[in-house]
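So you can see what is in the structure, the chains are spelled out below.
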Amino acid sequence: NPVEGGSYSCNVPMATASVSCVQRTKTDSMSVDGVLVRLTLLEAENARLRDLNAKLEKRVDVVNSTTSRHVNFNTQLTSDISRTRGQTLVFNKVLENRGNGYSASTGQFTAPYDGVYFFAFSSSSMTTSYYSWANIVT
């Protein structure tokens, strides 16, 4: 570290908090006023970039909040069951439950957000005496 006199160049590594200063050998030194001007410009640029970063973070939050509102579920029934009319069918295999609207324990869907929802139901049977129906309760 310098004690007195001379022209010095300081190196401040970004990865550490240590500062090492070595005596300059070139004549292209910068005055204290020049350093202060440069520091002021860099501080202004830093403030501008912080402001821009805050605005971008808000935009990212908006994008994340709109994409996270997508809701869908996909379920399967992988075993034979016998149900009576009016009884809730609880699917035993949940393939996807985006938005957590479908309850695997009750078989009920609760819309987590206001909006318009589309439901589709399909079934198949290995026998010809099997009938399928679906009532969607709103």
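Being a predicted model, the structure only gives us computed values, none of them experimental.

Counted under the stated rule, the structure contains four aromatic pairs. Relative to F109, the ring of F73 lies with its centre 5.3 Å away and its plane at 20°, an arrangement referred to as stacked. Taken as a pair, F73 in strand β3 (residues 72–76) and F109 in the segment after β4 (93–98) lie far apart in primary sequence, 36 residues in all. Residue F73 is classed as partly exposed on the basis of its relative accessible area, which comes to 28%. Judged by relative accessible area, which is 24%, F109 ranks as partly exposed. Ring centres of F109 and F119 lie 5.4 Å apart, and the angle between their planes is 75°; on these two criteria the pair is classed as edge-to-face. Here F109 is found in the segment after β4, whereas its partner F119 is found in the segment after β4, with 10 residues between them in sequence. Every member of this aromatic cluster is reached through a ring pair, and the members are F73, Y102, F109, Y117 and F119.

About the thresholds
- Residues numbered from 1 in each chain as written.
- Predicted model: local features only at pLDDT ≥ 70, side-chain atom pairs only at ≥ 80, totals over all residues.
- Heavy atoms only, no water.
- Phe/Tyr/Trp six-rings, centres within 6.5 Å; stacked < 30°, edge-to-face > 60°.
- Helix = DSSP H or I, 4+ residues; strand = E, 2+ residues; numbered from the N terminus.
- Buried < 20%, exposed > 50% of the residue type's maximum accessible area, 1.4 Å probe, protein only.

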